[in-house]
Structure formats: C-alpha cells, structure tokens
Amino acid sequence: TAGGGQQQQQQTSSSSSIFQSQLTEFYTKRGPPTATEIQTILHTRNPEYESQRVEITSMYETLKQFSSEKFDTANQLKSMVDMALGRLDRDLIKFEKEL
C-alpha cells in the first residue's frame, strides 16, 4: 500500500506538471485576456457588477467632495487664525508703547 501511494502521488505530480506546462504554453501563444473578455467574465460571475461599480463610484465622488470641502475649510480657518495673530501682534506692540 505504501508503494501504491507513492505511485499515485507521482502520477498526480506528473499530470499536474503536464497541465501547468500546457496552460503556460496556451497563455504564451494567446496573450493576456482582452478588456472585453474581462468585462464578460465579470458580468457572468457577478451579475450585480455594474450596479456595485456605480454605487462605489458614487461613494468615491462623494468622498472626494467632502475631502475638498474639508481642505477648503482648513485653509479658511488658517487664514482666520493668521489674521487674528497679526492683530494680536499689532495690539501687543501698541500696548508695549503705551506702557
């Protein structure tokens, strides 16, 4: 039985390497899949692909908008802080002259 197990393992290993070499040869001759083939596979394996893609794209656009608004708000806040600090510096100089 030990010899039978080894023989079966060798056959499996041999057939696996033959299959892999055939597959490699196939893709070497054929080249990578086309965009149309990829789209067909996506729609075949996941029929909800298009609606999921639209939903994700919408969420991405919303996040980009929020990010832009946050960036603009941060710039406005920085400008306000800079103006307030400038005013405080001028008031400090005026206050030191009065003392």
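Once a new chain begins, its residue numbering starts again from 1 and follows that chain's sequence as written. Local features are withheld for residues below a pLDDT of 70 in this predicted model, meaning they are given only at 70 or higher, and side-chain atom pairs are given and counted only at 80 or more; totals for whole chains, interfaces and linings count all residues. As a rule here, side-chain values come from all non-hydrogen atoms in the structure, and water together with hydrogens is ignored.

(A) Local environment of the overall build of the protein. Of the regular secondary structure elements, the protein holds three helices and zero strands. Secondary structure elements are defined from DSSP: runs of H or I of at least 4 residues count as helices, runs of E of at least 2 residues count as strands, and each element is numbered from the N terminus. Of the regular secondary structure in the protein, the N- to C-terminal order runs α-α-α. Residue burial is assigned from relative accessible area. The probe radius is 1.4 Å, only protein chains are included, and a residue is buried under 20% of its type maximum, exposed over 50%, and partly exposed in between. Across the 99 residues of the protein, 3% fall into the buried class. Taken as a whole, the protein presents about 9300 Å² of accessible surface, with 59% of it coming from carbon and sulfur. All accessibility values rest on the Shrake-Rupley procedure with a 1.4 Å probe; residue burial counts only the protein chains present in the view.

(B) Geometry of a nonpolar patch on the surface. Within this analysis, patches are made of residues with over 30% relative accessible area and no salt bridge. Like charges are joined at 9 Å or less; nonpolar side chains (Val, Leu, Ile, Met, Phe, Trp, Tyr) at 5 Å or less. The salt bridge criterion pairs a side-chain nitrogen of Lys or Arg with a carboxyl oxygen of Asp or Glu, the two atoms within 4 Å. A surface patch of nonpolar side chains, amounting to about 490 Å² of accessible area, comprises Leu77, Met80, Val81, Leu85 and Leu88. Along the chain, leucine 77 falls in helix α3 (residues 49–98).

(C) Representation of the pattern of salt bridges in the model. Under the criterion given, the structure shown has three salt bridges. For glutamate 61, the salt bridge is made with lysine 64, and the minimal N-O distance between the two is 3.8 Å. Note that glutamate 61 and lysine 64 are positioned in helix α3 at a spacing of three residues, about one turn of the helix. For glutamate 61, a relative accessible area of 40% puts it in the partly exposed group. A residue is classified by how much of its surface remains accessible, and lysine 64, at 42% relative accessible area, is partly exposed. Ionic pairing is found between lysine 78 and aspartate 82, a salt bridge with its closest N-O pair at 3.1 Å. You can see lysine 78 and its partner aspartate 82 sitting in helix α3, four residues apart, about one turn around the helix.

(D) Broad picture of the confidence of the model for the protein. Per-residue confidence for the protein gives a mean pLDDT of 84; residues scoring 70 or more make up 82%. Scored from 0 to 100, pLDDT reflects the predictor's confidence in each residue. Of all helices and strands in the protein, the one with the weakest mean pLDDT is helix α1 (residues 2–30) (65), whereas α3 scores best (95).

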